[in-house]
Amino acid sequence: MDAFLKVRQPMLYGIRDHACKKQLRTIFSSLTLSPVKALLWYVEEREHHVSPFKQSAMIIHNLGYPRIGSQRELKKACESYWTGSISISALQEVAAGIRLQNWELQKQAGIDWIPCNDFSYYDQVLDTSLMTGAIPARYQALTAKQLSETDLLFAMARGYQWDGDDITAMEMTKWFDTNYHYIVPEFTASQDFHLFSRKVVDQFLEAKNAGYAAKPVLLGPVSFLLLGKEKEAGFNRLSLIDKLLPVYLEVLDLLTKAGATVVQLDEPCLSLNLSAEALQVLSDSYAQIHAAFPQLHIVLASYFECYGQHLPAVLALPVQTLHLDLVRCPAQLEDVLQTKIANSKLQLSLGVVDGRNIWKNDYTKSLAFIHRAIKVLGEDRIAIAPSCSLLHVPCDLDYETAISPEIKNWMAFAKQKLQELKELRDIVKGNTALLAANEDAIRNRAASGLIHRKAVKDRVAAFTLSDASRKSAFTVRQAIQQEQFDLPLFPTTTIGSFPQTDDIRQLRARLKKGELTVAQYDAAIEKATIEVIRWQEEIGLDVLVHGEFERNDMVEYFGEQLDGFLFTKNGWVQSYGSRCVKPPVIFGDVSRPADMTVRWSSFAQANTDKLMKGMLTGPVTILQWSFVRDDQPRSTTANQIAWAIRDEVVALENAGIKVIQIDEPAIREGLPLRRENWAAYLEWAVQAFRIAASGVKDETQIHTHMCYSEFNDIIKHIAAMDADVITIETSRSQMELLDAFADFKYPNEIGPGVYDIHSPRQPSAEEMISLLEKAVEALPARNLWVNPDCGLKTRKWPETKVALTNMVKAAVVMREKAAL
Ligand code: GLN
Ligand code: ZN
């Protein structure tokens, strides 16, 4: 009976056909029909109404457009608003301007289904928390204060310190395998959902009033729950679906009343390994949505992976269009066409244009998919689209005036990708000139002398296993290094960077503007480096670093010095909130024309008698944080970078640097979304690191560093990297992470971070000692190092001085205890 009531409400909701509603009520109230049967009956009855959307030719549509503005207008406006220098209405005006511009661009490109609600002041998952009223209790005080919806959203994303209130922000995490971050929804057992933010309806009406018949985009209910977290024990967030779905039905009702005929529901969690329970919730939810809105054209979109083992469940959903990411999963089209869908009414959205990369579409490849699908299903059952939202690519290539015209002709940003969809449709209609022009560009890229370096390819191809192995086993190396370095127990070090003060950043800006000569700039960096060396010596650190003052960013610094990379002027992509990143583009074979870090590392070593650690970024991290060429496997590009880094490692060794750290903070985030693909990735990723690290003598100590915890499931592979020392982030988890290393009996040396560098808090020696005591319980003392969690570049000097002085004290106390 309970279940019946639960199903009844949402089912009736939103059915505008009164006669039908009445009929349903009669059936429900007779109580002789189970809810499931009632649902089936209803679906059957309505079958002749399904798919009212009459499509005569191939549709082109878009899943989402970048929201930051082509000149990062939203970033600038948000940041000005946060500092109080512009009003909320000024911010709203900028936002409305961006939306309007995006819609118009898409209309100009002939997009049939132009997305709306893809705009967000911060993040679309946070928007969904607001839409469904999933606002954590700690923000209730703010609703009472009558904060505007936008201010509440910012408070949830960024925390709120004002007027006596000090409320922490919600957690943020990575959006699947992208560099976009979303705000994690928080759920409690007694979670209540209700329609709170009407943004999606407002933005649909805004588009409508401006003359665009837009397609609202919503994060689907199942992915919304799965992407969130239970904030208390004892319940499963999927069980909240019965409370959540009515809000979605209410929203869909408002949208249809406002005139929406096509709605896109994103369920990207289908790219993960889902439980049978989750799939059941998915099929129940979409059955209810369909039952309530049989006239509404639902586009179901997942991306970044194959539907894989979920395909049968997905094909059984009562949706009108199913989106396929054919860039990440080209085989999927045939899988779908092989099923019985030719007999059903399902339409397919073919995601042929890469929404995750900046390369020009290869029309010949895309057309093969399109023609194949048309042949089986007919043109009127096909839509074409980018593989995913265009949120993950920069806005407009037209601003890139400095890229060589030849390379620029191989690239496409969001605006150009819209054009590609239009051209693909025009070609299907018979415009052969467009195809010929594209073939030319693709051919030019494939054969270009700018890309191909025979020596690089030969070197990668000549790889043998010994290239990825140090000369001796770790225990042998450890003995040699211990004897040579004579370091105390619990040696202290840092992760590389020291505070990047405004003064340091100014130096780079002034050098760029020509206000400083290279000699003046170098002199200023030398001064900062010597100062940081003296200070490290003073407080008694054992292995010093040079501070990385000469570096803007740990990937950019190397990309700028390697061949095969290019940098854009305006290729910004949203990372989180107002923060944008400008990833380098790897367009060609990677090689290292000259030493990259030897100058600064040897300068630093010449200024101290202590060991100076050389500092490099590893091949997987460089790959992971760039737009990577798509004309060869990622593993091949990783290997090319690995050989370049290896040469740098050897050059450092030749220059007398005895300790060299190769940072790989991104190795874990590169893991594929599906577990079954992990092993293949880890194999080449670990091998790339080993190639980079294995060119040196046993005497040279190789460190690596990783932030972001959760190594439990990949510890075997971390160990296989065979770094002499690994420094990792552990303090936030109170050394919990070390259990994985202890259980595995991790053989090499390890520096578990003893304090969190993400906060300005100054840790005491005592708390670091107690963390180290936990570490000693888990691992042999002689293998332990003492260091912070990560680099210090985002910190200020005063807190850094206190923290590191205390850290050295903690190490000294640990040594004394060990001597007893
Ligand atoms: N060596 C880098 C630094 O200290 C490492 C940064 C990182 O792990 N993200 O800044
Ligand atoms: Zn780090």
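Remember, it's a predicted structure, so these values are computed and weren't measured experimentally.

Give me the lowdown on the coordination of the zinc ion (ligand 2), citing residues and values where you can.
Within the protein, the atoms that donate to the zinc ion (ligand 2) are His-705 (NE2), Cys-707 (SG) and Cys-790 (SG), at distances of 2.0 to 2.2 Å. Taken together, the four donor atoms coordinating the zinc ion (ligand 2) and their angles of 90 to 123 degrees define a geometry best described as tetrahedral.

Could you give me a rundown of the state of the cysteines, with the residues and numbers involved?
By the definition in use, this model includes one disulfide. Put simply, Cys-306 and Cys-329 are joined by a disulfide, and their sulfur atoms are 2.0 Å apart. A torsion of 95 degrees about the S-S bond marks the disulfide between Cys-306 and Cys-329 as right-handed. On the criterion of sequence distance, the pair formed by Cys-306 in the loop between strand S11 (297-301) and helix H13 (311-315) and Cys-329 in the loop between strand S12 (321-325) and helix H14 (332-338) is long-range, its members being 23 residues apart. Under the relative-accessibility criterion, Cys-306 is labelled partly exposed at 22%. Cys-269 carries a free sulfur, and the closest cysteine sulfur to it, the one in Cys-388, is 15 Å from it.

Tell me about the pattern of salt bridges, residues and numbers included.
Once the charged atoms of two side chains with opposite charge are near each other, the side chains can pair. In this structure the tally under the stated criterion is 41 salt bridges. As a salt-bridge pair, Asp-458 and Lys-454 come within 2.7 Å of each other at their nearest N and O atoms. Residue Asp-458 and its partner Lys-454 are located together in helix H19 (residues 454-461), separated by four residues, close to a single helical turn. Residue class for Lys-454 comes out exposed when judged on its relative accessible area of 62%.

Outline the packing of helix H15 (residues 363-377) against helix H17 (residues 414-428), supporting the account with residue identities and numerical values.
Orientation of H15 relative to H17, taken along the N-to-C sense of each, is 55 degrees, at an axis distance of 11 Å. Considering the angle they form, H15 stands oblique to H17. The two elements H15 and H17 meet at a crossing, and its hand is right-handed. For the pair H15 and H17, contact is made by Tyr-363, Ser-366, Leu-367, Ile-370, His-371 and Ile-374 and by Glu-420, Glu-423, Leu-424, Ile-427 and Val-428, respectively. Of the residues belonging to the contact of H15 with H17, the class tally is seven nonpolar, two polar and two charged.

Describe helix H5 (residues 88-108), naming the residues involved and giving the relevant values.
Here H5 contains 21 residues, and its C-alpha end-to-end distance of 30 Å stays within 8% of the 30 Å for a straight helix at 1.5 Å per residue. Within the sequence span of H5, burial applies to Leu-91, Ala-95, Ile-98, Arg-99, Asn-102, Trp-103 and Gln-106. Each buried residue of H5 sits inside an arc of 125 degrees when the element is viewed along its axis, so together they form one side. In H5, the exposed positions angled more than 90 degrees off the buried face are occupied by Glu-93 and Gln-108.

Can you break down the packing of aromatic side chains residue by residue, with the values?
By convention here, two paired aromatic rings are described through the distance between centres and the angle between planes. Evaluated as defined, the whole model comprises 21 aromatic pairs. Ring geometry for Phe-187 and Phe-224: centres 5.5 Å apart, planes at 85 degrees, overall edge-to-face. Here the residue Phe-187 occupies a position in strand S7 (residues 186-187), and Phe-224 occupies one in helix H10 (residues 221-227), the gap between them amounting to 37 residues. Take Phe-187: its relative accessible area is 0%, and that puts it in the buried class. Using a relative accessible area of 0% as the deciding quantity, one classes Phe-224 as buried. Residues Tyr-681 and Trp-684 carry aromatic rings whose centres are separated by 5.1 Å and whose planes lie at 80 degrees to one another, so their mutual orientation is edge-to-face. Residue Tyr-681 and its partner Trp-684 are both found in helix H27 (residues 678-693); the two are separated by three residues, about one turn of the helix. Assessed through its relative accessible area of 5%, Tyr-681 is described here as buried. Among the aromatic residues, those joined into a ring-pair cluster are Tyr-81, Trp-82, Phe-119, Tyr-121, Tyr-122 and Phe-154.

Quick one: what's the story with the sheet that holds strand S22 (residues 659-663), residue by residue and with numbers?
Read from one edge of the open sheet, six strands run S15-S20-S22-S23-S24-S25, paired in parallel fashion. Of all strands in the sheet, those bounded by a partner on one side alone are strand S15 (543-544) and strand S25 (749-752). Note: strand S24 (residues 725-728) against S25, four bridges, orientation parallel. Across the sheet, residue Thr-727 finds its bridge partner in S25, namely Gly-751. The strands touched by helix H26 (residues 634-654) are strand S20 (611-617), S22 and strand S23 (701-706); relative to S20, the strand with the most contacts, the crossing angle is about 165 degrees.

Account for the nonpolar core, naming residues and giving values.
Counting residues in each nonpolar core, the largest one holds 104 residues, and the members touching the most others are Trp-175, Leu-255, Leu-348, Leu-350 and Ile-384. The element that contributes the greatest number of residues to this core is helix H11 (residues 241-258), accounting for ten residues. Once residues lying within four places of it in the same chain are set aside, the contact partners of Ile-384 are Met-58, Ile-59, Ile-60, His-61, Leu-350, Val-352, Ile-370, Leu-421, Leu-424 and Arg-425. Ranked by size, the runner-up nonpolar core spans 101 residues in total, among them Met-554, Leu-562, Val-598 and Ile-667.

Would you mind going over the pairing of S20 in detail, with residue names and values included?
Most of S20 sits inside the fold, with seven of its seven residues counted as buried. The alternating pattern of S20 places Leu-611, Lys-613, Met-615 and Thr-617 on one face and Met-612, Gly-614 and Leu-616 on the opposite face, and all of these are buried. When S15 meets S20, the two strands line up parallel, connected through two bridges. Each bridged residue has a counterpart across the sheet, and for Val-543 the counterpart in S20 is Leu-611. Both S20 and S22 contribute to a ladder of five bridges, which runs parallel. From the neighbouring strand, Met-615 faces S22, where its bridge partner is Gln-661.

Outline the confidence of the model for the protein chain, listing residues and values.
Averaged over every residue, the pLDDT of the protein chain is 92; the share at 70 or more is 93%. Of the regions scoring below 50 in pLDDT, residues 1-54 engages in 72 contacts with residues more than four places distant in sequence or in other chains.

Help me get a handle on the side chain of Asp-789, residues and values and all.
In this structure, Asp-789 sits in the loop between helix H30 (765-778) and helix H31 (797-819). A distance of 2.7 Å separates a polar atom in the side chain of Asp-789 from a polar atom in the side chain of Ser-731.

Any chance you could break down the site of ligand 1 for me, citing the residues and the numbers?
Ligand 1 sits among Ile-495, Gly-496, Ser-497, Glu-548, Met-554, Asp-663, Pro-665, His-705, Cys-707, Cys-790, Gly-791 and Lys-793. In the environment of ligand 1, an oxygen atom lies 3.1 Å from a nitrogen or oxygen atom belonging to the side chain of His-705. The fraction of the free accessible surface of ligand 1 (300 Å²) that becomes covered by protein chains is 93%. Within the shell around ligand 1, the residues separate by chemical class into five nonpolar, four polar and three charged.

Calculation notes
- Throughout this description, residue numbers start from 1 for each chain and increase along the sequence as written.
- Written order determines the labels here, with chains lettered from A and ligands numbered from 1.
- Given that this is a predicted model, residues contribute local features only at a pLDDT of at least 70 and side-chain atom pairs are listed and counted only at 80 or more, while totals for whole chains, interfaces and linings are drawn from all residues.
- The side-chain quantities take in all heavy atoms of the structure and omit both hydrogens and water.
- Each metal's donors are the N, O and S atoms found within 2.8 Å of it, except that Na, K and Ca use a 3.2 Å limit; water is left out, so coordination can look incomplete.
- Only four donors with every angle between 85 and 135 degrees are called tetrahedral; only four or six donors with opposite donors over 155 degrees apart and all others between 65 and 115 are called square planar or octahedral, in that order; all others are irregular.
- Any two cysteine sulfur atoms lying within 2.5 Å of each other are counted as a disulfide.
- Strands here are runs of E lasting at least two residues and helices are runs of H or I lasting at least four, both read from the DSSP assignment and numbered beginning at the N terminus.
- Type-normalised accessible area, obtained with a 1.4 Å probe on protein chains alone, sets the label of each residue: buried when under 20%, exposed when over 50%, and partly exposed for intermediate values.
- Salt bridges are defined by distance alone: a side-chain nitrogen of Lys or Arg within 4 Å of a carboxyl oxygen of Asp or Glu.
- The angle between two axes is taken between their N-to-C directions and runs from 0 to 180 degrees, where each axis is a line fitted to C-alpha atoms and a helix contributes only its stretch in contact.
- Angle categories are assigned with fixed cut-offs, so that under 35 degrees is roughly parallel, over 145 is roughly antiparallel, 65 to 115 is roughly perpendicular, and the rest are oblique.
- It is the rotation of the near helix from the far one that decides the hand of a crossing: anticlockwise by less than a right angle makes it left-handed, clockwise makes it right-handed.
- Contact criterion: two residues are considered in contact whenever any of their non-hydrogen atoms come within 4.5 Å of each other.
- Each residue is assigned to one class: nonpolar for Ala, Val, Leu, Ile, Met, Phe, Trp, Tyr, Cys and Pro, charged for Asp, Glu, Lys and Arg, and polar for all the others, Gly among them.
- To estimate how far a helix should extend, the number of its residues minus one is multiplied by 1.5 Å.
- The directions from the helix axis to the C-beta atoms are what the arc is built from.
- Stacked, tilted and edge-to-face are the three classes assigned to paired rings of Phe, Tyr and Trp, where Trp is represented by its six-membered ring and a pair needs centres within 6.5 Å; plane angles under 30 degrees give stacked, over 60 edge-to-face, the rest tilted.
- Being paired, for any two strands, means DSSP has found at least two bridges between them.
- Working definition of a nonpolar core: buried Ala, Val, Leu, Ile, Met, Phe, Trp, Tyr and Cys residues. They are joined through side-chain atoms within 4.5 Å.
- What pLDDT conveys is the predictor's confidence in a given residue, as a value from 0 to 100.
- We define a polar contact as two N or O atoms separated by no more than 3.5 Å, with the added condition that, inside protein, one atom must be a possible hydrogen donor and the other a possible acceptor, whereas residues neighbouring each other in sequence contribute only through side-chain atom pairs.
- Note on terminology: near, applied to a residue and a molecule or strand, indicates that one of the residue's heavy atoms is within 4 Å of it.
- What sets the accessible areas is the Shrake-Rupley method with a 1.4 Å probe; for residues, cover comes only from the shown protein chains.

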